[in-house]
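Residue strings, one per chain:
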Amino acid sequence: MFYDLNIQLPDSAGKPGGHISSQDWAQIAQALEQARHFGYETVALNQVVHGKLTPAHLKVWSTIPQLPFAHYTWEATTGNRLTSKPKRGQLQVLRRLTNVLSEGAHGHALTSNGNPSVLDYDLVAVRPENEKILFAACNGSWDSVDIISLDMAVRWGFFAKHKTIGLALQHQYALEISYGEALADSASRRQWVSNASSIVRVTKGRNVLWTSAASRPFGLRAPYDIVNLGGILQLNGDLSKRAMTSNARAAVMHGYTRRETLRAVAAVEEAVEDMAEEEEAEPQRKKQKVAA
């Protein structure tokens, strides 16, 4: 199963109560259809928010049009979370938040206690704008983070250190490499190669995540084209494929665990339901033993 966990919503979606025009939704619908055509089975629509996340940012999700080939993890009219699973052949569409942070104080919104709104997102990524924020994100300071995302088109102004990125790997965070910048002009492409090579070097390919960061259909590429792109970064074919399959699935499961379990240890509701079912079944088993 191939994943693309970053199909970008327009910039207007990153504002509190932001609005997405029907033309933009049409472009996104075409991108989703293209992803399905390429063989992706799960994608994530990415809402980029600068600064503090507020409940008003969630309003934009209630305006998405219904698509017969897509299965959303939220109710398209209300924005509320759904638990149903996609039908055979449907494209599963997740909600993703990318919070761009330059101040540590805004990171409090990325904790479930500090801001319950993050629980409405299937995936939460943080994009640090300086080394201090990067260290805080990798160190597990904010418990609602699933993905560490760095801008691949600009010079960072700091190094991706083994010690810092090693903390992210210990917390099972995914390290995102979006290939969209590699399809731009030559200057962006050179910077992309430098940045992406740094990520591959410090992670050795572990927990790396390929995404498109596309907002239009022509920004997407077929999975095996991206597998071959990994060769530029000295990433072998197996590790490059994992960045769109098992690593991506692990990121989605990390988000599920964050939302549905207590401190990522026990799923309380499910355990209680299972216990109740066991108690109801016990008298029935006793009757069967007596009858035998």
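Residues numbered from 1 in each chain as written. Predicted model: local features only at pLDDT ≥ 70, side-chain atom pairs only at ≥ 80, totals over all residues. Heavy atoms only, no water.

**Section: the layout of surface pockets**
Reasoning step 1: Approximately 250 Å³ is the volume found for the second largest pocket.
Reasoning step 2: In terms of lining residues, the second largest pocket is bounded by 15 residues, among which Q8, L9, P10, D11 and V48 are the most central.
Reasoning step 3: Within the residue set of the lining of the second largest pocket, elements represented by two or more residues are α1 (22-38) and β2 (40-50).
Reasoning step 4: Ranked by residues supplied to the lining of the second largest pocket, first place goes to β2 with four residues. (1 Å grid on protein atoms, 1.4 Å probe; cavity = no way out; pocket = protein on both sides within 12 Å on 5 of 7 lines; lining within 4 Å. Points joined across faces, edges and corners; volume = space filled by probe spheres on them. Helix = DSSP H or I, 4+ residues; strand = E, 2+ residues; numbered from the N terminus.)

**Here we look at helix α4 (residues 186-203)**
Reasoning step 1: Relative to the 26 Å expected for 18 residues at 1.5 Å per residue, α4 spans 26 Å between its end C-alpha atoms, a close match to the ideal helical length.
Reasoning step 2: Residues of α4 that are buried make contact with α3 (162-170), β7 (174-178), β8 (208-211) and α5 (223-229).
Reasoning step 3: Where α4 ends, the next residue or the one after it, K204, has phi of about 55 degrees, a positive value. (Expected span 1.5 Å × (residues − 1). Contact = heavy atoms within 4.5 Å.)

**A short note on the environment of L58**
Reasoning step 1: Mapped onto the elements of the fold, L58 is located in the loop between β2 and β3 (70-72).
Reasoning step 2: Residue class for L58 comes out buried when judged on its relative accessible area of 15%.
Reasoning step 3: Residues L58 and V118, spaced 60 residues apart in sequence, show a C-alpha to C-alpha distance of 9.5 Å.
Reasoning step 4: Excluding residues within four positions of it along the chain, L58 makes contact with R95, S117, D120 and Y121. (Buried < 20%, exposed > 50% of the residue type's maximum accessible area, 1.4 Å probe, protein only.)

**Notes on the pairing of strand β4 (residues 91-101)**
Reasoning step 1: Most of β4 sits inside the fold, with 10 of its 11 residues counted as buried.
Reasoning step 2: As judged from the nine bridges shared by β2 and β4, these two strands associate in the parallel manner. Of the residues in β4, the one forming a bridge with V48 is T98.
Reasoning step 3: Bridge count for β3 against β4 is three bridges, and the pairing is parallel. When the bridges of β4 are listed, Y72 appears paired with V93.
Reasoning step 4: Bridge analysis of β4 against strand β5 (residues 123-128) gives six bridges, and the strand direction is parallel. Bridge pairing in β5 places R96 opposite L123. (Pairing = 2+ DSSP bridges.)

**Section: the side chain of S178**
Reasoning step 1: For S178, the location among the structural elements is in strand β7.
Reasoning step 2: Under the relative-accessibility criterion, S178 is labelled buried at 2%.
Reasoning step 3: Once residues lying within four places of it in the same chain are set aside, the contact partners of S178 are M152, W192, T211, S212 and A213.

**Focus on α1**
Reasoning step 1: Counted at 1.5 Å a residue, the expected span for α1 with its 17 residues is 24 Å, and the 24 Å between its end C-alpha atoms agrees.
Reasoning step 2: Along α1, the positions that sit buried rather than exposed are D24, W25, I28, A29, A31, L32 and A35. Buried residues of α1, seen end-on, are gathered within an arc of 160 degrees and therefore sit on one face of the element. Those residues of α1 that are exposed and aimed more than 90 degrees away from the buried face are S22, Q23 and H37.
Reasoning step 3: Summarising the contacts, the buried residues of α1 are in contact with β1 (2-8), β2 and β4. (Arc of directions from axis to C-beta.)

**Structural notes on the packing of aromatic side chains**
Reasoning step 1: Tallying each qualifying case throughout the model produces six aromatic pairs.
Reasoning step 2: Here W61 and W74 contribute two aromatic rings whose centre-to-centre distance is 5.1 Å and whose plane-to-plane angle is 75 degrees, an arrangement assigned as edge-to-face. A residue pair is termed long-range when its members are at least 10 positions apart, and W61 in the loop between β2 and β3 and W74 in the loop between β3 and β4 qualify at 13 residues.
Reasoning step 3: Residue classification places W74 among the buried positions, given a relative accessible area of 1%.
Reasoning step 4: Aromatic side chains Y72 and W74 sit 5.0 Å apart centroid to centroid with 25 degrees between the ring planes, which places their arrangement in the stacked category.
Reasoning step 5: Owing to a relative accessible area of 5%, Y72 belongs among the buried residues under this scheme. (Phe/Tyr/Trp six-rings, centres within 6.5 Å; stacked < 30°, edge-to-face > 60°.)

**Details of the packing of helix α2 (residues 131-138) against α3**
Reasoning step 1: For the pair α2 and α3, the least separation of the axes is 8 Å and the interaxial angle reads 30 degrees. Considering their axes alone, α2 and α3 lie roughly parallel with respect to each other. Only T164, I165, L167 and A168 of α3 make contact with α2, whose side of the interface consists of L134, F135 and C138.
Reasoning step 2: Class assignment for the residues of the contact of α2 with α3 results in six nonpolar, one polar and no charged. (Axes fitted to C-alpha atoms, helices over the stretch in contact; angles between N-to-C directions. Parallel < 35°, antiparallel > 145°, perpendicular 65-115°, else oblique. Nonpolar A, V, L, I, M, F, W, Y, C, P; charged D, E, K, R; others polar.)

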